[in-house]
Amino acid sequence: MKTAVETQDLNLFYGDFQALKNINLRVKENSITALIGPSGCGKSTLLRTFNRMNDLIEGVRIEGRIVIEGENILAGGTDLVTLRKKVGMVFQRPNPFPLSIEENILFAPKIHKTAAKADHERIVEESLKSVLLWDNLKDKLGKNALNLTLEQQQRLCIARLLPVKPEILLMDEPCSALDPIATERIEELMRVLKEHYTILIVTHNMQQAARVSDDTGFMLLGELIEFASTGSIFTNPSDQRTNDYITGRFG
Amino acid sequence: MHRHFDEALKNLKEKILRMSGLVEEIIGTAIKALLERNSELAYKVIKSDDAINMLEIEIDDLCMKLLALYQPTAGDLRFITSTMKICNDLERIADLGVNIAQRTLDLLKVPPLKVKIDIPKMATASREMLKDSLNAFVNKDSKLAYEVCKRDDEVDKLNHEIFMAVFQCTPEDQKPVERVIDLILVAKNLERIADHSTNICEDVIYLVDGKVIKHHITD
């Protein structure tokens, strides 16, 4: 399987505090990779390095390399707009624009001018169908997205990424605001999406990581302690700290 | 946070250890009954099987509940699944003990075979394998488990030797035919006890090291 993202000796500092320590990780293309670990272990920080969201935080210093499609995205001269089109992100708290549902979906294609007007209707329909919102919302496309339920808002946020045809989707606790049935449907959606995208998910829900991901990385105090296939992490982890964390002995 | 789960795991562990102890005792008694031609001990073995059957059901039920309610992972998951399998082997071993006791009662109706066949040696080898497999389980000792697995060939060999010795008896010694059949069945039961002990050791190796060595799968 081809590699979608690779980190090489990645270190990240918030001022004097080192939040990521020598991370070497290889994410396979068209797979779902889960990052797990206790709060503050650096998993969200690691996720945010993949589309350079940490650049927005003052005092951040990053060392090492992150290679996406053969290019080191940490190198100077990286076009962040192109990078963030390629690497989309969904957050814990749904954050639709205070616009209509339709305008949310078309926001990126309009800004990036990636689609002709004639295609707009099709893009809205396809994107909403991908996240199982079409049937409920097809008659309310002009409605303000902020009036949707949290669950619908989150699905809309995933749908909103798709029109610019990203290659990698970053999801930071995407289901933490959702009920179990909605969570299951988002997980099903992730399995469908991985045919076309590479997905990295940060989750506190270990059962979710076990259910949905192909590979799992366990992080602790800024280190990637163990990275392996999800089946092997959850049945036979090689590191005692991984075993203790996933069996609930700490964390 | 996990106190309740840990309590349930502890309860499971106590039950499987109790079952292990009882099964070891049953096999010890069955062999003693056979070698000493003691009908009282043979009846004791036959009666004790009910307790084992009940424990098997209790342990299976507890394992299913732990799996369904807690979705255990890693070491806990391996402990629960290994326990389910070991429990099944223990129940079968107890049945084999009962079979030996029943054969003993039959053998008591006729005088012992004049030709020397080494049932005691085989009985000792099988009983030791069972004892060590349970020690390996209790102490999570995969090294001992590997060592026990290797001994299975020796028991198979002893079984074959007994079969050949009975087969080569004079026609006179082979009468009554029920006696030699009983002896062959006893040897077969002892051989099966060693097989189930080997299964237990394979599960112990998976439990401790996470490695599958069944069916000679190598790394």
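Bear in mind that the values here come from a model prediction, so they are computed numbers and not experimental data.

The rules behind the values
- Note that residues are indexed from 1 along each chain, following the sequence as it is written.
- Written order determines the labels here, with chains lettered from A and ligands numbered from 1.
- Selection of residues for local features in this predicted model requires a pLDDT of at least 70, selection of side-chain atom pairs for listing and counting requires 80 or more, and totals for whole chains, interfaces and linings are taken over all residues.
- Here the side-chain values reflect all heavy atoms present in the structure, with hydrogen atoms and water set aside.
- The numbering of helices and of strands both runs from the N terminus, where a helix is a DSSP run of H or I of at least 4 residues and a strand a run of E of at least 2.
- Any residue under 20% of the maximum accessible area for its type is buried, any over 50% is exposed, and the rest in between are partly exposed; the area is computed with a 1.4 Å probe on protein chains only.
- The contact criterion used throughout is that any non-hydrogen atoms of two residues lie within 4.5 Å.
- Reported accessibility uses the Shrake-Rupley method at a 1.4 Å probe radius. Residues are deemed covered only where the shown protein chains occlude them.
- At least two bridges found by DSSP between two strands are what make those strands a pair.
- By buried area we mean the combined loss of accessible area, with a 1.4 Å probe, across both parts when two parts are placed together.
- Salt bridge, as used here, is a side-chain nitrogen of Lys or Arg placed within 4 Å of a carboxyl oxygen of Asp or Glu.
- Residues adjacent in sequence count toward polar contacts only when both atoms are side-chain atoms; beyond that, a polar contact is any pair of N or O atoms within 3.5 Å, and within protein one must be able to donate a hydrogen and the other to accept it.
- When the strands point away from the viewer and the path from the first strand over the helix to the second turns clockwise, the crossover is right-handed.
- Side-chain rings of Phe, Tyr and Trp, where Trp is taken by its six-membered ring, are said to pair if the distance between their centres is within 6.5 Å; with planes under 30 degrees apart they count as stacked, over 60 as edge-to-face, and otherwise as tilted.
- Every residue gets a pLDDT, meaning the predictor's confidence in that residue, from 0 to 100.

Novice: Can you tell me about the overall build of chain B, naming the residues and giving the values?
Specialist: Of regular secondary structure, chain B possesses 6 helices and 0 strands. Going from the N terminus to the C terminus, chain B shows its helices and strands as α-α-α-α-α-α. Each principal axis of the C-alpha distribution contributes one length, and for chain B these read about 70 × 40 × 20 Å. Residues counted as buried form 47% of the 219 residues belonging to chain B. Long-range contacts, defined here as pairs at least 24 residues apart, represent 84% of the contacts in chain B between residues at least 6 apart. With an accessible surface of roughly 11300 Å², chain B has 56% of that area assigned to carbon and sulfur atoms.

Novice: Could you give an account of the side chain of Ser126(B), naming the residues involved and the relevant values?
Specialist: Residues and elements named next belong to chain B. Along the chain, the position of Ser126 falls in helix α4 (residues 119–138). On the basis of relative accessible area, Ser126 is assigned to the buried category, the value being 1%. In this structure Ser126 touches Val155, Leu190, Glu191, Ile193 and Ala194, once residues within four positions along its chain are discounted.

Novice: Residues and numbers for the pairing of strand β9 (residues 215–220) of chain A, please.
Specialist: Residue and element names in this part refer to chain A. A large share of β9 lies buried, amounting to 6 of its 6 residues. Taken together, the 4 bridges between strand β3 (residues 32–36) and β9 define a ladder with parallel strand orientation. Looking across to β9, one finds that Ala34 is bridged to Thr216. The pairing of β9 with strand β10 (residues 223–229) spans 6 bridges and is classified as antiparallel.

Novice: I'd like a description of the interface of chain B and chain A, backed by residues and values.
Specialist: Across the boundary between the two partners, chain B contributes 14 residues, which contact 10 residues of chain A. Around 900 Å² of area is buried between chain B and chain A when both sides are counted, 42% of it from carbon and sulfur atoms. Viewed at the interface, chain A and chain B are joined by 2 salt bridges. For the interface between chain B and chain A, the tally reads 7 residue pairs in polar contact (both at pLDDT 80 or more).

Novice: Please provide a residue-by-residue account of the sheet that holds strand β5 (residues 71–72) of chain A, values included.
Specialist: All names here are of chain A. The strand order β2-β1-β4-β5 describes an open sheet built from 4 strands, whose pairing is antiparallel. Lying at the two open borders of the sheet, with one neighbouring strand each, are β2 (17–28) and β5. Of the pairings in the sheet, the one linking strand β1 (residues 3–14) to strand β4 (residues 60–68) comprises 8 bridges and is antiparallel in character. Residue pairing across strands places Glu6 opposite Val67, the latter belonging to β4.

Novice: Give me the pairing of strand β8 (residues 198–202) of chain A: which residues, what numbers.
Specialist: All names here are of chain A. Most of β8 sits out of view: 5 of its 5 residues are buried. Alternating residues of β8 divide into Thr198, Leu200 and Val202 and Ile199 and Ile201, and every residue in both groups is buried. For strand β7 (residues 168–172) and β8, the ladder comprises 5 bridges, and the chain directions are parallel. Pairing of Leu170 across the sheet is with Leu200, part of β8. Taking the sense of rotation as the criterion, the β-α-β connection linking β7, helix α7 (residues 180–193) and β8 turns out right-handed.

Novice: With reference to specific residues and values, describe the packing of aromatic side chains.
Specialist: Two aromatic rings, taken as a pair, are described by how far apart their centres are and by the angle between their planes. Residue and element names in this part refer to chain A. Applying the stated rule across the entire model yields 5 aromatic pairs over all chains. With a centroid separation of 4.3 Å and 35 degrees between ring planes, the pair formed by Phe97 and Phe107 is classed as tilted. Residue Phe97 is located in the loop between β6 (87–90) and α3 (101–112), and its partner Phe107 is located in helix α3; the two are separated by 10 residues in the primary sequence. By relative accessible area, which is 33% here, Phe107 ends up partly exposed.

Novice: Could you give me a rundown of the confidence of the model for chain B, with the residues and numbers involved?
Specialist: A low pLDDT means the predicted coordinates there should not be read in detail. Here chain B shows a mean pLDDT of 93. Residues at 70 or above account for 97%. Mean pLDDT values for the elements of chain B range from 93 in helix α1 (residues 3–36) of chain B up to 97 in helix α3 (residues 74–107) of chain B.

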